[in-house]
Amino acid sequence: MSAPELSGGPLGTHAGPYFGQFGGRFVPEALIAALDELETEYHKALADPAFGQALARLHRTYTGRPSMLTEVPRFAEHVGGGARVFLKREDLNHTGSHKINNVLGQALLVKRMGKKRVIAETGAGQHGVATATAAALMDLECTVYMGEEDTRRQALNVARMRLLGAEVVPVAIGTRTLKDAINEALRDWVANVETTHYLLGTVTGPHPFPEMVRDFHKVIGEEAKQQLAEEVGRLPDAVAACVGGGSNAMGIFNAFLDDPQVRLFGFEAGGEGVSSGRHSARFSGGAPGVLHGALSFLLQDEDGQTLPSHSISAGLDYPSVGPEHAWLNEIGRVSYQPVTDTEAMDAFRLLCRTEGIIPAIESAHALAGALRLGAEAATWDVPDGQAPVILVNLSGRGDKDVATAARWFGLIDDETGTTSDEGVQL
Amino acid sequence: MSPTGSRLTALAEGADGSPGRAALIGYLPVGYPDVARSVEAARTMVGAGVDIVELGVPYSDPVMDGPTIQHAVEHALAGGVKVRDVLSSVEQVAEAGAPVLVMTYWNLVMRYGIEAFARDLAAAGGAGLITPDLIPDEASRWIAASDEHGLDRVFLVAPSSTPERLARTAAASRGFVYAASTMGVTGERATVGDRAAQLVADTRSAGAGHVCVGLGVSRAEQAAEVASYADGVIVGSALVRAVQEVESDPTRGMDRLAEVTAELAAGVRGARR
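Residues numbered from 1 in each chain as written. Chains lettered and ligands numbered in written order. Predicted model: local features only at pLDDT ≥ 70, side-chain atom pairs only at ≥ 80, totals over all residues. Heavy atoms only, no water.

1. Regarding the overall build of chain B
Step number 1: Helix and strand content of chain B: twelve helices and nine strands.
Step number 2: Summarising its shape, the C-alpha atoms of chain B cover approximately 50 × 40 × 35 Å along the three principal directions.
Step number 3: Summarising the internal contacts of chain B: among those between residues at least 6 apart in sequence, 72% fall at separations of at least 24.
Step number 4: Working note: accessible area of chain B is about 9700 Å², and carbon and sulfur atoms make up 50% of it. (Helix = DSSP H or I, 4+ residues; strand = E, 2+ residues; numbered from the N terminus. Contact = heavy atoms within 4.5 Å. Areas by Shrake-Rupley, 256 points an atom, 1.4 Å probe, with all protein chains shown as cover.)

2. Some thoughts on the pattern of salt bridges
Step number 1: Per the stated rule, a full pass over the model turns up 48 salt bridges over all chains.
Step number 2: The closest approach of N and O atoms between A:R84 and A:E71, which form a salt bridge, is 2.8 Å. Of the two residues, A:R84 is situated in strand β4 (residues 84–89) and A:E71 in strand β3 (residues 69–71); the sequence distance between them amounts to 13 residues.
Step number 3: A relative accessible area of 29% places A:R84 in the partly exposed class.
Step number 4: Beyond isolated ion pairs, a larger network of salt bridges with shared partners links B:E188, B:R241, B:E245, B:R256 and B:E259. (Salt bridge = Lys/Arg side-chain N within 4 Å of Asp/Glu carboxyl O. Buried < 20%, exposed > 50% of the residue type's maximum accessible area, 1.4 Å probe, protein only.)

3. Overview of the pairing of strand β2 (residues 52–56) of chain B
All names here are of chain B.
Step number 1: Burial runs high along β2: five of the five residues are buried.
Step number 2: Burial along β2 is two-sided: the face carrying I52, E54 and G56 and the face carrying V53 and L55 are both buried.
Step number 3: Examined bridge by bridge, strand β1 (residues 23–29) and β2 share five bridges and lie parallel to one another. Considered in β2, the bridge of I25 is made with I52. (Pairing = 2+ DSSP bridges.)

4. Re the sheet that holds strand β1 (residues 18–19) of chain A
Residues and elements named next belong to chain A.
Step number 1: Pairing in this open sheet of four strands is antiparallel, and the strands run β1-β2-β12-β11 from one edge to the other. Each edge of the open sheet carries a strand with a single partner, namely β1 and β11 (287–291).
Step number 2: Pairing of strand β2 (residues 22–26) with strand β12 (residues 293–298), which is carried by two bridges, proceeds in the antiparallel orientation. Looking at the pairing, F26 lines up with G293 of β12.

5. What to know about the UniProt feature "modified residue: N6-(pyridoxal phosphate)lysine" (unreviewed entry) in chain A
Residue and element names in this part refer to chain A.
Step number 1: Within this numbering scheme, the UniProt entry marks K99 as carrying the feature "modified residue: N6-(pyridoxal phosphate)lysine" (unreviewed entry).
Step number 2: Within the secondary structure, K99 is located in helix α4 (residues 99–113).
Step number 3: K99 has contacts with Q126, H127, A130, G201, T202, H217 and S247, leaving out every residue within four places of it along the chain. (UniProt positions renumbered as here; feature names shortened; annotations may be inferred.)

6. Thoughts on the nonpolar core
Step number 1: Counting 194 residues, the largest nonpolar core has A:W189, A:F253, B:V53, B:W142 and B:F176 as its most contacted members.
Step number 2: With eight residues, α4(A) is the single largest residue contributor to this core.
Step number 3: With sequence-adjacent residues up to four places away left out, A:W189 is seen in contact with A:L31, A:A34, A:L35, A:I119, A:T196, A:H197, A:Y198 and A:F209. (Core = buried A, V, L, I, M, F, W, Y, C linked by side-chain atoms within 4.5 Å.)

7. Considering the interface of chain A and chain B
Step number 1: With 35 residues of chain A at the interface, the matching set in chain B holds 36 residues.
Step number 2: Summed over both sides, the interface between chain A and chain B buries roughly 2900 Å², with carbon and sulfur atoms accounting for 48% of that surface.
Step number 3: Considering only the surface of chain A that becomes buried against chain B, A:E29, A:R187 and A:D303 emerge as the three largest contributors, covering 25% of it.
Step number 4: Joining chain A to chain B, the criterion identifies four salt bridges.
Step number 5: Here A:E194 makes a salt bridge to B:R195, at a shortest N to O gap of 3.4 Å.
Step number 6: Along the contact surface separating chain A from chain B lie 22 residue pairs in polar contact (both at pLDDT 80 or more).
Step number 7: Contributing elements (two or more residues each) for the side of chain A that touches chain B: β2, α1 (32–46), α8 (178–192), β11 and β12 of chain A.
Step number 8: Residue contributions to the side of chain A that touches chain B peak at six residues, all from α8(A). (Buried area = accessible area lost by both parts, 1.4 Å probe. Polar contact = N/O pair within 3.5 Å; in protein donor to acceptor, adjacent residues only side chain to side chain.)

8. A look at the pairing of β2(A)
Residue and element names in this part refer to chain A.
Step number 1: Judged by how many residues are buried, β2 sits mostly within the fold: five of five residues are covered.
Step number 2: As paired elements, β1 and β2 share two bridges and run antiparallel to each other. Considered in β2, the bridge of Y18 is made with G23.
Step number 3: Taking the residues between adjacent antiparallel strands as the criterion, β1 and β2 are bridged by two residues, where G20 takes a positive phi near 60 degrees.

9. A look at the sheet that holds β1(B)
All names here are of chain B.
Step number 1: The strand order across the open sheet formed by nine strands is β5-β4-β3-β2-β1-β9-β8-β7-β6, and the pairing between neighbours is parallel. At either end of the open sheet lies a strand with only one pairing partner, and these are β5 (152–154) and β6 (156–157).
Step number 2: Judged from the four bridges that link them, β2 and strand β3 (residues 100–103) form a sheet pairing that is parallel. Bridge pairing in β3 links G56 to M103.

Written out as structure tokens, the structure is:
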């Protein structure tokens, strides 16, 4: 891969509302005043040292940052190419994923804005759990919209949110997944925007969300860059992350966007394969379009109706993607590739068995992608005598996915709910 | 000249000595319960007193719509309705004599091609577009295409719109400005938002020629109230519900829809100006 031409200023600090042709604010007029207020308050907060200090303190004393960097040599043997693989351990964050970074940032903003209620959407439940957590911590009323289908897939996270005091609303319209949960959250927001903040969970939606959520997550890449400098004394050769909406990926990519020698890879959910039509691979199977306030890549039919997406991972099961990703794809800075359910689950099992780490199924897509990179790692221009270095964002842990994985591997009998000793040998 | 703007002006001025009045604008989605019957329903509405028709394009993610309309468009999509069905419906409804505006979420137009959509809508005799998720800030290509084809551009204002945004939206709109009576989505409500009259006044002060009010209007007395201060009264869910009743009892034909429309029309015509 050749280094892309970087012009027009640093990529890492690119501000909305547009990322190339993507982004914007395709929402009802009723929301524009709130988006303007949010943008103003966000920029004021960024310029206020007290805000940064409060967030940094929460990261340190509540989230558990900096998250660790773990080398995984036994897993790396399966990657091949002599590569060393490092995991950025967002799975060790409080609430179990990178989602807490953004949620704490936005919740602090909500306090500054004087609003008392937050609403959120969630697919796998990680963002909902993180939002319910921050709401409890900061005494905010909290409603979480979740597709009815997802409430079944992630029953434990629904219970978790309710324990934390949030109201969870199952959404029984449309495809009953994340997309429809966002529609319902937007309807709620239009009606209650004067008292309510929509705590959007990923780098999509109308401006300023893509830029703001990215900024709250860029701590991931900044820490990893410094930790790798200490461990190996240089930049990684490749960075891999899974991409649903794309928040963990933007968080780790951001620090490396302006280092052209670092190859960046985003792995989408290929589901049952792009040719099967049952997938969430927007860059392989989608086209530019508008959904949920942003112009980006979108799974849509010839009329522009949103197509249902599919993934074994509820967190990647979304028909669109953050607009900054669409731009980075267009300018060739990031390579986006689909990973099938089967590949992801194979990588999931491999990490469990080689390193004693149960990843979120979302993150397993990034691990599966890393397994592909070994084949080309030998061709990379690496400093003399050194091994290629691959950094993988382990965006979440697999607690919430244990039931899904157990079913996939035949460890639970769906009929009886009992464990099976005749399942596929891990 | 703006097709809907001209109609609103003519109604406001009155004719043959009759007093001026506001317009009744009726919304129905194409393809509910099927394409042919939705065309029949729209024509029935015109016959029963609707002055301007708003034909909705069914969309998979209608975030500005409440349950009644969402149910109808889901039904229409499940029945296989396509964007091209909307264009042919526009042609048939326009023959009934009322200007026909198309209400559409923006991705459908983008996918069709903005210029091509403007061309084909104009060719079908459509008056223009109402765009609930397209604000003027994002609409430069639509503004150019609608100028080229002489189509109306109806953008929305909301109770939360600032004076600057009211001015910007008024300047970008043609035909009328759609004032959302309340913060919320479509649906029938007990009362029309108490901020609607002020919003209409503010939008006029910001430069709008015509301002019509939608969201929450479902009964004759509400229509009369809104018609006393706005240039047009937009009704959606109440008419869609009437079509729903007709669908569940086909022996009644389009009678129920005609009845509901006539009540609303009487409300508009009886309003004190």
